[in-house]
Amino acid sequence: APLLIPGLLTALGVVLWPWLQPNPAHTLLALGALALIALAVGERGLGWLATWAAALCLGLTAPGLRAPGPLLDGPVQLRGEVVEVRGGRAILQVSQLGATPLTGPVELSGGGDLRVGDRVSVRGEARPLGREALPGEPDPVRDDLLRGLRSGVRAQSTLVLGAFPGPAPPDPFEHATHRGLLRALALGDRAGLDDDTKALLRRTGTTHLVSVSGLHFVMIAAMASGIVTALIRPLSLLRPQGGLNRLAPLAGLGALLAFGELVGWPIPAVRAGWMTAGVVAGQATARGANPWNLLGLAAGVMVVCEPSAARSVSAWLSFGAVMGMLTVGQKLSRFVPPDLPWLVKGLAGAVTTTFGATAGTLPVSVWIFQELSLTAPLANLVAIPLTSIFATPGALLALGGGGVLPLAIADGACEATILWLRLIDAPVAHPAAGPLGAALIVLACLCARHHGLAGVFALLSLLRLIP
């Protein structure tokens, strides 16, 4: 997996950037020199070292190439475009301050119900950003630096430009019992979830079900590829060497890009999108795809395009879940006998995948959230098949105008999922491992193939959890 280490080193360079801020021009020269050395030497040891050093330089350079946002203080009148919405706050890419052209991001609070892509005019009170973090929590000041944020604006009035009153578009989930949950499953939009459902998902360790993940992109790509395959099959039979068979993977790639735009490209979607695109490209070229290569590619491209993703808890959870499935999940799957009936084998695969994803997200859970759902493996054992086989595909089909039947199936699956989660609902544990304990858990997962080392790291991390 030659792309894995460069991708991780690029992310490491971005993480180190607040402490190491080299001159961007010098770093770019070093990057170019190292890349030339790697090309000249080839795949020998020095070439790999040059490639890894170039990846680290790329990570150290990426944040410094972005122009920081404006430093504002006092009453302001701004115009700009909403590029991200997080909870009650939005990131506004400013285009105008009063009558003066100005570019750069600012954080906007109190702006009302805004969506990504809205062009707004805001009047409010600005102040330089300065935040305090709890012990052990990632430093929000460094996160702001990576995002280019230097100012926040508390809105007093907000006007969405170009918005005209009119009939709202029809909601495909309007008549469903679990309308908010279906929308969250299809689009990752949790605004319609009630507080009780959110708390239930958190206590049972199933919050990931309502995040846009690789499952969504695989389904979207598969649907588009299947439709195009059915349409071109007669032509491909007439001209088997005409290259028509490659249209189906390309259609899947186009569909997943369109879906990413629809959901606003949250961090898990970026990771899933790049990995799924790699799989589609591997199918189109008949080369296949190594999941570790795809993971490294997604990590490197993501942090270069958006450096703040390297310090995002959402990214840590998304990549951690995949790494857990590729290490712990695959290790556990070796204990499943190959001659089992397909239904039992599928159930065993779901168990190993669930345990792997849980192990991969455990470091973040015990460090950042200090929450550990004791019923998560059992909850996911039933909830994942229900949502991935019935609820999410049905919701996506209903979203695309698939009719009443997919919506009814999806709604019924949501009802069964909620009943199951309520049945096994239990209080969560609150461990506090700290950064060292989280690092030990990561090492235990990465050493899953070596039982002795994995056991030592797991024992040390357990000692960190004991007060």
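Residue numbers restart at each chain and count upward from 1, following the sequence in its written direction. For this predicted model, a pLDDT threshold of at least 70 governs which residues receive local features, and a threshold of 80 or more governs which side-chain atom pairs are given and counted, while totals over whole chains, interfaces and linings are taken from all residues. Heavy atoms from the whole structure form the basis of all side-chain values; hydrogens and water molecules are not counted.

For the rest of this paragraph, the subject is the overall build of the chain. Helix and strand assignments come from DSSP, with helices taken as H or I runs of at least 4 residues and strands as E runs of at least 2, each series counted from the N terminus. Of the regular secondary structure elements, the chain holds 16 helices and five strands. Here the radius of gyration uses the C-alpha set of atoms, whereas the globule reference equals 2.2 Å times the residue count to the power 0.38. Taking 23 Å as the expected radius of gyration for a compact globule of 467 residues, we find that the chain reaches 24 Å, a close match to that expectation. Seen along its three principal axes, the alpha-carbon backbone of the chain occupies a region of about 70 × 65 × 65 Å. The cut-offs for exposure are 20% and 50% of the maximum accessible area for each residue type, with area from a 1.4 Å probe on protein chains only; residues under the lower value are buried, those over the upper are exposed, and the others partly exposed. In the chain, which comprises 467 residues, the share counted as buried stands at 43%. Note that accessible areas follow from Shrake-Rupley with a 1.4 Å probe, and for residues the cover is restricted to the protein chains shown. Accessible area of the chain: about 24,400 Å², with a carbon and sulfur share of 66%. Under the convention used here, Asp and Glu are negative, Lys and Arg are positive, and both His and the chain ends fall outside the count. Every charge is mapped onto a representative atom, which is NZ of Lys, CZ of Arg, CG of Asp or CD of Glu. Side-chain charges of the chain comprise 32 positive and 26 negative groups, with the mean position of each set lying 8 Å from the other.

Time to look at the confidence of the model for the chain. Within the chain, residue pLDDT values average 81, and 91% of them lie at 70 or more. Per-element confidence in the chain is highest for helix α14 (residues 404–423), whose mean pLDDT is 92, and lowest for helix α16 (residues 451–465), whose mean pLDDT is 73. Looking at any residue, its pLDDT shows the predictor's confidence there, from 0 to 100.

Geometrically, a packed helix pair is captured by the angle between its two axes and the distance between the axes. Where helix α5 (residues 179–187) meets α14, the closest approach of the two axes is 10 Å, and the angle between their N-to-C directions is 105 degrees. Taken together, the axis directions place α5 and α14 in an arrangement best described as roughly perpendicular. Seen from α5, the contacting residues are Leu181, Leu182 and Leu185; seen from α14, they are Leu407, Ala410, Asp411, Cys414 and Ile418. All residues other than Ala, Val, Leu, Ile, Met, Phe, Trp, Tyr, Cys, Pro, Asp, Glu, Lys and Arg, Gly among them, are scored as polar; the first ten of these are nonpolar and the last four charged. A breakdown of the residues in the contact of α5 with α14 according to their chemical character gives seven nonpolar, no polar and one charged. Between N-to-C directions, angles span 0 to 180 degrees; the directions come from axes that are lines fitted to C-alpha atoms, helices contributing only their stretch in contact. Oblique is the label for any angle not under 35 degrees, not over 145, and not in the 65 to 115 range, which are roughly parallel, roughly antiparallel and roughly perpendicular in turn. Note on definitions: a residue-residue contact is assigned when non-hydrogen atoms from the two residues lie within 4.5 Å.

We now examine the sheet that holds strand β3 (residues 100–109). Pairing between the strands of a sheet is mediated by backbone hydrogen bonds and can be parallel or antiparallel. Read around the barrel, five strands follow the order β1-β2-β3-β5-β4 and close on themselves; strand pairing throughout is mixed. Strand-to-strand, the axes of this sheet are offset by a mean angle of 50 degrees, without reference to chain direction. Direction of pairing for strand β1 (residues 74–86) relative to strand β2 (residues 89–97): antiparallel, over a ladder of eight bridges. Considered in β2, the bridge of Glu81 is made with Gln93. When DSSP finds at least two bridges between two strands, those strands are taken to pair.

Here we come to the nonpolar core. Core analysis: the largest hydrophobic core is formed by 40 residues, its most contacted members being Leu182 and Phe259. Those elements that place two or more of their residues in this core are α5, α6 (195–203), α7 (214–238), α8 (247–263), α9 (267–285), α13 (376–399) and α14. Examining the composition of this core, we find that seven residues originate from one element, α14, more than from any other. Throughout this description, the term nonpolar core refers to a set of buried Ala, Val, Leu, Ile, Met, Phe, Trp, Tyr and Cys residues connected via side-chain atoms within 4.5 Å. Among the nonpolar cores identified, the runner-up in size contains 15 residues, and Val82, Val94, Leu114 and Ala155 belong to it.

Taken together, the side chains of Ile389, Phe390, Leu405 and Ile409 present a nonpolar region at the surface, about 400 Å² in accessible area. Of all the secondary-structure elements, those providing two or more residues to the nonpolar patch are α13 and α14. Mapping Ile389 onto the fold places it in helix α13. The exposed category is assigned to Ile389, whose relative accessible area is 53%. By definition, no residue in a patch forms a salt bridge, and every one has over 30% relative accessible area; like charges are joined within 9 Å, nonpolar side chains (Val, Leu, Ile, Met, Phe, Trp, Tyr) within 5 Å. Salt bridges are defined by distance alone: a side-chain nitrogen of Lys or Arg within 4 Å of a carboxyl oxygen of Asp or Glu.

Mapped onto the secondary structure, Gly455 falls in helix α16. Taking C-alpha positions, Gly455 is 27 Å from Arg203, a pair spaced 252 residues apart along the chain.

So, on to helix α12 (residues 342–369). Here α12 contains 28 residues, and its C-alpha end-to-end distance of 37 Å stays within 8% of the 40 Å for a straight helix at 1.5 Å per residue. Bend, at a single residue, is the angle you get between axes fitted to the 7 residues ending at that residue and the 7 residues starting at it. Its maximal kink placed at Thr361, α12 deviates by approximately 45 degrees, while the proline Pro363 follows within four residues. Of the residues flanking the end of α12, it is Gln370, one or two places downstream, whose phi is positive at about 55 degrees. Here a helix's expected span is defined as the number of its residues, less one, multiplied by 1.5 Å.

The pairing of β3 with strand β5 (residues 151–160) spans three bridges and is classified as parallel. Across the sheet, residue Leu108 finds its bridge partner in β5, namely Val153. Bridging between strand β4 (residues 119–128) and β5 involves nine bridges; their strand directions are antiparallel. In the sheet register, Val122 faces β5, and the bridge partner there is Thr158.

Turning our attention to the packing of aromatic side chains. Geometry of aromatic contacts follows a simple scheme: Phe, Tyr and Trp rings, the Trp one being its six-membered ring, pair when their centres are within 6.5 Å, and the pair is stacked under 30 degrees between planes, edge-to-face over 60, tilted otherwise. Across all of its chains, the model carries one aromatic pair by this definition. Arranged with centres 5.7 Å apart and planes meeting at 10 degrees, the rings of Trp316 and Trp367 form a pair that is stacked. Of this pair, Trp316 sits in helix α11 (residues 313–333) while Trp367 sits in helix α12, and the two are 51 residues apart along the sequence. The exposure class assigned to Trp316 is partly exposed, which follows from its relative accessible area of 26%.

Looking at the element boundaries, Thr352 is found in helix α12. Judged by relative accessible area, Thr352 falls into the buried class, the value being 9%.

On to the pattern of salt bridges, then. One pass over the full model with this rule turns up five salt bridges. Its salt-bridge partner being Arg119, residue Glu81 comes within 3.8 Å of it at the nearest N-O pair. Remark: Arg119 occurs in strand β4 and Glu81 occurs in strand β1; sequence separation between them is 38 residues.

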